[in-house]
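Below, each chain spelled out in residue letters.
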Amino acid sequence: MEPLSREQLEELAVLYDRFAHGLDPFDPGSELAEKQFYNLLEHFHSTLAPRTRFDEFRREAVRVCKAFLRRNP
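The paragraphs below set out a description of the structure included in this document. Only a predicted model underlies this, so the values are computations on that prediction, with no experimental measurement involved.

**What about the packing of aromatic side chains?**
Two measures describe an aromatic ring pair: the distance that separates the ring centres and the angle between the ring planes.
Turning to step 1, where the next piece is worked out: Inspection of the entire model under this criterion finds 5 aromatic pairs.
Turning to step 2, where the next piece is worked out: Pairing Tyr16 with Phe37 gives two aromatic rings, centres 5.8 Å apart and planes at 50 degrees, and the pair type is tilted. In this pair, Tyr16 sits in helix α1 (residues 6-20) while Phe37 sits in helix α2 (residues 28-48), placing the two residues 21 residues apart along the sequence. Phe37 matches Tyr16 in its accessibility class, with the two residues each being buried.
Turning to step 3, where the next piece is worked out: A centroid spacing of 5.2 Å and a plane angle of 90 degrees characterise the contact between Phe37 and Tyr38, whose relative ring orientation is edge-to-face.
Turning to step 4, where the next piece is worked out: According to the relative accessible area criterion, Phe37 is buried, its value standing at 0%.
Turning to step 5, where the next piece is worked out: Of the residues examined, Tyr38 reaches a relative accessible area of 28% and is grouped as partly exposed.

Written out as structure tokens, the structure reads:
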């Protein structure tokens, strides 16, 4: 599995932050960010780690996004 580049990670982390930490879970922007996050995550999974199960890839991506957001407030 190839690691995500800083740019890819930043793009995922921004989308994750918008939907996971939004004040209003019913905000259309939050819903859109969640859809974009999963679309991008599926793209990265298919191009970088197709042999890894998607749920494992997602779990690791979320962990790395959270760490990125803690380091870059």
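**Considerations on the side chain of His45**
Turning to step 1, where the next piece is worked out: Inspection of the secondary structure puts His45 in helix α2.
Turning to step 2, where the next piece is worked out: With residues up to four places along the chain from it excluded, the contact list for His45 reads Pro50, Thr52, Arg53, Phe54 and Phe57.

**Points about the nonpolar core**
Turning to step 1, where the next piece is worked out: Counting 19 residues, the largest nonpolar core has Leu12, Tyr16, Phe37, Leu41, Phe44 and Cys65 as the members making the most contacts within it.
Turning to step 2, where the next piece is worked out: Secondary structure elements with two or more residues in this core: α1, α2 and α3 (54-71).
Turning to step 3, where the next piece is worked out: With residues near it in sequence (within four places) discarded, Leu41 still touches Leu12, Phe54, Phe57, Arg58 and Ala61.

What counts and how
Residues numbered from 1 in each chain as written. Predicted model: local features only at pLDDT ≥ 70, side-chain atom pairs only at ≥ 80, totals over all residues. Heavy atoms only, no water. Phe/Tyr/Trp six-rings, centres within 6.5 Å; stacked < 30°, edge-to-face > 60°. Helix = DSSP H or I, 4+ residues; strand = E, 2+ residues; numbered from the N terminus. Buried < 20%, exposed > 50% of the residue type's maximum accessible area, 1.4 Å probe, protein only. Contact = heavy atoms within 4.5 Å. Core = buried A, V, L, I, M, F, W, Y, C linked by side-chain atoms within 4.5 Å.

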